[in-house]
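Take a look at the letters that make up each chain.
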Amino acid sequence: MNLIDVLIQQHRDAEALFEAWRHAPDEEKPELSLLLAETLTLHSAIEERWVYPVARSVVDGPRIDFAVEEHGEMTQLLSELLRVRHDARRRESTVRQLEAVVAQHMTEEEREVLPRLRKMDASAFGLSSDEIVRSASDARKEAMRQLEVSTPP
Ligand SMILES: [Fe+2]
Ligand SMILES: [Fe+2]
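These remarks concern the structure in this document. What you see is a predicted model, and the numbers here were worked out from it, not measured in a lab.

**A short note on the environment of Ala100**
Phase 1: Within the element layout of this structure, Ala100 appears in helix α4 (residues 88–118).
Phase 2: A sequence separation of 18 residues divides Ala100 from Leu82, and the C-alpha atoms of the two residues are 17 Å apart.

Laid out in structure tokens, this is it:
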């Protein structure tokens with residue numbers, strides 16, 4: 001699968017998790033919080049390590065800087081979500097904020113960043129999309145470890 005299609009599929013997977021959240025019983029939400037954190041940190045790791053550096057050659061630098069800032073905002077909210085995942089009221093308000101940030105970010109990416117990358121040769125990313133997803137799962141484990149470290153129980 002083309003890397004851009006992988007990224008768009010991950011956006012749809014993230015939306016599906018937020019949708020699942022709305023129907024999930026309370027006892028599943030701590031686990032769903034972890035799943036959201038894993039899914040979104042894997043996706044951000046791929047973009048920050050392999051996609052955004054290449055995107056800088058076809059998209060304005062400030063646009064990419066802003067996207068990185070939004071990733072920072074998501075990371076903060078995910079860290080907050082992990083911290084409050086056993087608190088029914090606080091996790092709902094955190095997930096609502098997170099969903100708003102993620103939805104806006106994905107819309108902007110799909111409108112302004114990803115279409116321009118489609119025109120690039122697959123070799124521009126250095127690795128195949130399978131290899132990227134594999135290496136990113138190591139990056140995700142490290143990112144999750146940092147999230148857990150920054151979120152004492
Ligand atoms: Fe992104
Ligand atoms: Fe994305």
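Picking up after the structure, the text goes on.
**Focus: the pattern of salt bridges**
Phase 1: Per the counting criterion, the structure on display carries 13 salt bridges.
Phase 2: Close ionic contact of Glu15 with Arg12 constitutes a salt bridge, the shortest N to O distance being 2.8 Å. Remark: Arg12 and Glu15 occur in helix α1 (residues 3–23); sequence separation between them is three residues, near one turn of the helix.
Phase 3: The class for Glu15 is partly exposed, based on a relative accessible area of 36%.
Phase 4: Residue Arg12 is classed as partly exposed on the basis of its relative accessible area of 32%.

**Some thoughts on the coordination of the iron ion (ligand 2)**
Phase 1: The iron ion (ligand 2) binds to the protein through His11 (NE2), His43 (NE2), Glu47 (OE) and Glu109 (OE), with metal-donor distances spanning 2.0 to 2.1 Å.
Phase 2: In the primary structure, the donors to the iron ion (ligand 2) are separated according to the pattern H-x31-H-x3-E-x61-E.
Phase 3: The iron ion (ligand 1) is placed at 3.3 Å from the iron ion (ligand 2), the two being bridged by Glu47. With His11 in helix α1 and Glu109 in helix α4, this pair connects stretches of sequence that are 98 residues apart.

**Quick word on the packing of helix α2 (residues 29–55) against helix α3 (residues 61–84)**
Phase 1: At a closest axis distance of 10 Å, the pairing of α2 and α3 adopts a crossing angle of 160°. One finds that α2 runs roughly antiparallel with respect to α3. Relative to α3, the crossing made by α2 is left-handed. The residues of α3 that touch α2, namely those facing Ser33, Leu34, Leu36, Ala37, Leu40, Thr41, Ser44, Glu47, Glu48, Tyr52 and Ala55, are Ile64, Ala67, Val68, His71, Leu78, Leu81 and Leu82.
Phase 2: Here the contact of α2 with α3 is built from residues that sort into 12 nonpolar, four polar and two charged.

**Remarks on α3**
Phase 1: Here α3 contains 24 residues, and its C-alpha end-to-end distance of 35 Å stays within 8% of the 34 Å for a straight helix at 1.5 Å per residue.
Phase 2: Of all the residues in α3, the buried ones are Arg63, Ile64, Ala67, Glu70, His71, Met74, Leu77, Leu78, Ser79, Leu81, Leu82 and Val84.

**Side note on the coordination of the iron ion (ligand 1)**
Phase 1: Here the iron ion (ligand 1) is held by Glu47 (OE), Tyr52 (OH), His71 (NE2), His105 (NE2) and Glu109 (OE), and the distances to it run 2.0 to 2.4 Å.
Phase 2: Donor residues binding the iron ion (ligand 1) come from one chain and are separated in sequence as E-x4-Y-x18-H-x33-H-x3-E.

**With respect to the nonpolar core**
Phase 1: Ranked by internal contacts, the top residues of the largest apolar core, which has 22 residues, are Phe18, Leu36, Leu40, Leu98 and Val102.
Phase 2: Only α1, α2, α3, α4 and α5 (129–149) provide two or more residues apiece to this core.
Phase 3: Not counting the four nearest positions on each side in its chain, Leu40 is found in contact with Ala14, Phe18, Leu78, Leu98 and Val102.

Cut-offs applied
- Residues numbered from 1 in each chain as written.
- Chains lettered and ligands numbered in written order.
- Predicted model: local features only at pLDDT ≥ 70, side-chain atom pairs only at ≥ 80, totals over all residues.
- Heavy atoms only, no water.
- Helix = DSSP H or I, 4+ residues; strand = E, 2+ residues; numbered from the N terminus.
- Salt bridge = Lys/Arg side-chain N within 4 Å of Asp/Glu carboxyl O.
- Buried < 20%, exposed > 50% of the residue type's maximum accessible area, 1.4 Å probe, protein only.
- Donors = N, O, S within 2.8 Å, 3.2 Å for Na, K, Ca; no water.
- Axes fitted to C-alpha atoms, helices over the stretch in contact; angles between N-to-C directions.
- Parallel < 35°, antiparallel > 145°, perpendicular 65-115°, else oblique.
- Left-handed = near helix turned anticlockwise from the far one by under 90°.
- Contact = heavy atoms within 4.5 Å.
- Nonpolar A, V, L, I, M, F, W, Y, C, P; charged D, E, K, R; others polar.
- Expected span 1.5 Å × (residues − 1).
- Core = buried A, V, L, I, M, F, W, Y, C linked by side-chain atoms within 4.5 Å.

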